[in-house]
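Examination of the molecular architecture
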Amino acid sequence: MFKIWFIRICFSVMAVFVFIGIISHPVVAQENRIEIPSLEVNTEIIPIYIRPIYGHTTWDTRRLYDNIGHLNGTGWFGQNKNVVLAGHSETIDRLPNVFYNLANIEVGAEIYVYANGTAYHYVVTSLEWVVPTDLTSVLPTGHDQLTLITCDTDSYDNGTYEKRLVVRALPA
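This report concerns the structure included in the present document.

**Remarks on the pattern of salt bridges**
- Scanning the entire structure with this criterion turns up 5 salt bridges.
- Where R51 meets D60, a salt bridge forms, and the shortest distance between an N and an O atom there is 3.6 Å.
- Among the salt bridges present, the one from E90 reaches R94, with a minimum N-O distance of 2.9 Å.
- For E90, a relative accessible area of 9% translates into the label buried.
- It is possible to trace a salt-bridge network through shared partners that takes in R51, D60 and R62.

**Section: unusual backbone geometry**
- Of note in the backbone geometry, E40 takes a positive phi value of approximately 55 degrees without being a glycine.
- Secondary-structure assignment places E40 in the loop between strand 1 (33-36) and strand 2 (41-48).
- The phi dihedral of N80 falls on the positive side, at around 60 degrees, and the residue is not glycine.
- Mapping N80 onto the fold places it in the loop between strand 5 (68-71) and strand 6 (82-87).

**As for the sheet that holds strand 9 (residues 145-151)**
- The strand order 1-2-5-6-9-12-8-7 describes a closed barrel built from 8 strands, whose pairing is mixed. If you compare each strand with its neighbour and ignore which way they point, the axes differ by 30 degrees on average.
- As defined by bridge partners, strand 1 adjoins strand 2 across 4 bridges and the pair is classed as antiparallel. Residue pairing across strands places I34 opposite T43, the latter belonging to strand 2.

**Quick notes on the pairing of strand 8 (residues 118-130)**
- In this structure, strand 7 (residues 110-115) lies alongside strand 8, joined through 6 bridges in antiparallel fashion. By the bridge assignment, Y112 is partnered in strand 8 with H121.
- Count of turn residues in the strand 7/strand 8 antiparallel hairpin: 2 residues, of which N116 carries a positive phi of about 55 degrees.
- Where strand 8 lies against strand 12 (residues 164-171), 8 bridges are found, and the strand directions are antiparallel. Within strand 12, the residue paired with W129 across the bridge is L165.

**Things to note about the layout of surface pockets**
- As a volume, the largest pocket reaches approximately 1,300 Å³.
- As for the largest pocket, its lining consists of 36 residues, of which W59, T61, H88, C151 and R164 are closest to the centre.
- Going through the elements one at a time, strand 4 (56-59), strand 6, strand 9 and strand 11 (160-161) are the ones with two or more residues in the lining of the largest pocket.
- Of the residues in the lining of the largest pocket, the class split is 17 nonpolar, 13 polar and 6 charged.

Cut-offs and rules
Residues numbered from 1 in each chain as written. Predicted model: local features only at pLDDT ≥ 70, side-chain atom pairs only at ≥ 80, totals over all residues. Heavy atoms only, no water. Salt bridge = Lys/Arg side-chain N within 4 Å of Asp/Glu carboxyl O. Buried < 20%, exposed > 50% of the residue type's maximum accessible area, 1.4 Å probe, protein only. Helix = DSSP H or I, 4+ residues; strand = E, 2+ residues; numbered from the N terminus. Pairing = 2+ DSSP bridges. Axes fitted to C-alpha atoms, helices over the stretch in contact; angles between N-to-C directions. 1 Å grid on protein atoms, 1.4 Å probe; cavity = no way out; pocket = protein on both sides within 12 Å on 5 of 7 lines; lining within 4 Å. Points joined across faces, edges and corners; volume = space filled by probe spheres on them. Nonpolar A, V, L, I, M, F, W, Y, C, P; charged D, E, K, R; others polar.

What follows is the structure, given as structure tokens:
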């Protein structure tokens, strides 16, 4: 009887935490991380879900903070698909965030991802600046590819980032 009562209390507390936002994504046994040594980036990868926001259906990046997010609906590591990760370049106060220096990454830079207990090694192959409505970078590729996306800090104008930086990497 005590065991059942204790389990019910634990699930109730977890449900409250999910509801008020303390736990923002499903708890997983193994943390998924990305490391970009040349930029001194080493952070968790969290899910970014598609939701209606301000009258549009899009990926909800509001809870990323200083993490990097996997865009729901794109490939995942080990699936031989285009894995798309996004991170903020600046905070709402325009202070540097996790991808602030992404524009400084060089072709040939190494990226390491640890997902589901497996290590993945990528090498940057290209950088491209696109308008926010250009979604070609999130489309399936038919091959293993890592795509990183962030707002271009140099394109900030009147409260809006006019360009996105897209970095593509292939397995090493």
